[in-house]
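Working through the structure, step by step
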Amino acid sequence: MELNEAIIERMKELAAERNMTIHQVIQRGGLNQATISELMNGRTKHPKVSTIQKFCSGLNISLNDFFDSNKFN
């Protein structure tokens, strides 16, 4: 699995665990819809750490929590 695929899967997983949509998370985190759309549609292969950090902010978790998954081993 490529890194961007693991990131997308983890975003979906974390949002679902909190009964939130991706859209709700990015609104809370202050992310631009276009940024996430490009990532989810595979047009962005290497998201910025700041994008992941804002996503984490929308979930009220740390980057460490985000990457604490076997997907990244």
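Scroll up to find the structure.
Before going into details, it helps to say that this report is about the structure given with it. (Residues numbered from 1 in each chain as written. Predicted model: local features only at pLDDT ≥ 70, side-chain atom pairs only at ≥ 80, totals over all residues. Heavy atoms only, no water.)

Considerations on the environment of S50
Relative to the helices and strands, S50 is located in helix α4 (residues 49-59). Classification of S50 by relative accessible area gives partly exposed; the value is 40%. For the pair S50 and F72, spaced 22 residues apart in sequence, the C-alpha separation works out to 18 Å. (Helix = DSSP H or I, 4+ residues; strand = E, 2+ residues; numbered from the N terminus. Buried < 20%, exposed > 50% of the residue type's maximum accessible area, 1.4 Å probe, protein only.)

Observations concerning unusual backbone geometry
Of note, the phi angle at N19 is positive, near 55 degrees, even though the residue is not glycine. Mapped onto the elements of the fold, N19 is located in the loop between α1 (3-17) and α2 (22-29). Given a relative accessible area of 71%, N19 falls into the exposed group. In this structure, N60 takes a positive phi of about 60 degrees despite not being glycine.

Description of the packing of α2 against helix α3 (residues 33-40)
The contact between α2 and α3 brings their axes to 10 Å, and the two run at 135 degrees. As the angle between them shows, α2 and α3 are arranged oblique. Considering how the two elements wind past one another, α2 and α3 form a crossing that is right-handed. From α2, I22, H23 and I26 reach across to α3, where they touch Q33, I36 and M40. (Axes fitted to C-alpha atoms, helices over the stretch in contact; angles between N-to-C directions. Parallel < 35°, antiparallel > 145°, perpendicular 65-115°, else oblique. Left-handed = near helix turned anticlockwise from the far one by under 90°. Contact = heavy atoms within 4.5 Å.)

Thoughts on the packing of aromatic side chains
Here a ring pair, both rings aromatic, is described through the centre-centre distance and the interplanar angle of the planes. Considering all chains together, one arrives at 4 aromatic pairs under this definition. When the centroid spacing of 6.4 Å and the interplanar angle of 80 degrees are considered together, the rings of F55 and F66 count as edge-to-face. Separated by 11 residues along the polypeptide, F55 in helix α4 and F66 in helix α5 (residues 63-67) bring together distant segments of the chain. As far as the burial class goes, F55 and F66 line up, both buried. Ring centres 6.0 Å apart and planes at 35 degrees place the aromatic pair F66 and F72 in the tilted group. (Phe/Tyr/Trp six-rings, centres within 6.5 Å; stacked < 30°, edge-to-face > 60°.)

Function cannot be read off these values alone, since they describe shape.
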